[in-house]
Amino acid sequence: MSERTLAIIKPDAVKKNAIGDIVSRYEKAGLKPVAMKLMHMSKRTAEGFYAVHKARPFFDSLCSFMSSGPSLVLVLQGDNAIKKNRDLMGATDPAKADAGTIRKVHGTNIEFNAVHGSDSPETAAFEIGYFFPGMEIFG
Ligand code: CMP
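Residues numbered from 1 in each chain as written. Predicted model: local features only at pLDDT ≥ 70, side-chain atom pairs only at ≥ 80, totals over all residues. Heavy atoms only, no water.

### Re the nonpolar core
Now for step 1: With 20 residues, the main nonpolar core has Leu6 and Phe131 as its most contacted residues.
Now for step 2: Every element with two or more residues in this core is listed here: β1 (2-9), β2 (32-39), α3 (43-49), α4 (59-66), β3 (71-79) and α7 (121-131).
Now for step 3: When sequence neighbours within four positions are dropped, the list of residues in contact with leucine 6 reads Phe49, Val73, Leu74, Val75, Asn85, His116, Gly117, Ser118, Glu127, Ile128, Phe131 and Phe132.
Now for step 4: By size, the runner-up hydrophobic cluster in this structure holds 17 residues, among which are Ile9, Ala18, Val23 and Tyr26. (Core = buried A, V, L, I, M, F, W, Y, C linked by side-chain atoms within 4.5 Å. Buried < 20%, exposed > 50% of the residue type's maximum accessible area, 1.4 Å probe, protein only. Helix = DSSP H or I, 4+ residues; strand = E, 2+ residues; numbered from the N terminus. Contact = heavy atoms within 4.5 Å.)

Right under this line is the structure:
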C-alpha cells in the first residue's frame, strides 16, 4: 500500500555532506521524495516537532541539536514507506543499528543519529502536516 512518511536528514549528516548518499538510498529503495526543504529550525520549531518527548531527559539537548544547523526535511512516498524507511535507518542508537543502515554508516551516537523517520501512520500525518502544507507535496 502506498503511503507517506516524514524523513529528516539531521544537522550532523548535512554538515558531513551526506545528503546525496542518504537521498540516493531512499530513491533506490523505492521511496520517492514528493516534498523537501532545507531548513534551519528554530529551537521552538524543534520543540513543537518533538513535543511527544517533552518529558524525556534528553529533550532540551535534542532540540538544541536539531536547531544547531540546517536539516533536509522530506516527505517520502512509496509502498510501506514508514516501515521501509525505518528499516533503511536502522536502530535509533547507531551502535545497535545493523551494518549498512543509514544510522550505522552516518550516525555518531544515540542523539546525533543522522536521520529521523515517522514511526506510525498517526505520527506521519502529524509530522508531514507540521512542515508541509498540502500544496507543497507533489505526490
Ligand atoms: P529520532 O528518531 O529523531 O526521535 C527522537 C530522537 O531523540 C532520536 O531520534 C534521537 O536523536 C534522540 N534520542 C532518543 N533517545 C535518546 C537518548 N537516550 N539520549 C539522547 N537522545 C536520544
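Having seen the model, we can carry on.
### Quick word on the packing of aromatic side chains
Now for step 1: Here the structure, examined in full by the defined rule, presents 6 aromatic pairs.
Now for step 2: For the ring pair phenylalanine 49 and tyrosine 50, a centre distance of 4.9 Å and an interplane angle of 80° mean the geometry is edge-to-face. A single burial state applies to phenylalanine 49 and to tyrosine 50, both of which are buried.
Now for step 3: Geometrically, the ring pair formed by phenylalanine 126 and tyrosine 130 is tilted, given 5.6 Å between the ring centres and 40° between the ring planes. Taken together, the residues span about one helical turn, with phenylalanine 126 and tyrosine 130 both in helix α7 at a distance of 4 residues.
Now for step 4: Note on phenylalanine 126: relative accessible area 43%, which makes it partly exposed.
Now for step 5: Following the ring pairs from residue to residue traces out a cluster consisting of Phe49, Tyr50, Phe126, Tyr130 and Phe131. (Phe/Tyr/Trp six-rings, centres within 6.5 Å; stacked < 30°, edge-to-face > 60°.)

### Concerning the site of the ligand
Now for step 1: The environment of the ligand is made up of Lys10, Tyr50, His53, Phe58, Leu62, Thr92, Arg103, Ile110, Glu111, Asn113 and His116.
Now for step 2: Separating an oxygen atom of the ligand from a side-chain N or O atom of tyrosine 50 is a distance of 2.6 Å.
Now for step 3: Between the ligand and arginine 103 there is a distance of 3.0 Å, counted from an oxygen atom to a side-chain nitrogen or oxygen.
Now for step 4: Considering the ligand on its own, with 460 Å² of exposed area, one finds that the protein chains cover 79% of that surface.
Now for step 5: Given that more than half its atoms are within 2 Å of the pocket grid, the ligand belongs to the largest pocket.
Now for step 6: Along the lines of polarity and charge, the residues of the shell around the ligand split into 4 nonpolar, 4 polar and 3 charged. (Near = heavy atom within 4 Å. Polar contact = N/O pair within 3.5 Å; in protein donor to acceptor, adjacent residues only side chain to side chain. Areas by Shrake-Rupley, 256 points an atom, 1.4 Å probe, with all protein chains shown as cover. 1 Å grid on protein atoms, 1.4 Å probe; cavity = no way out; pocket = protein on both sides within 12 Å on 5 of 7 lines; lining within 4 Å. Sits in = over half its atoms within 2 Å of the grid points. Nonpolar A, V, L, I, M, F, W, Y, C, P; charged D, E, K, R; others polar.)

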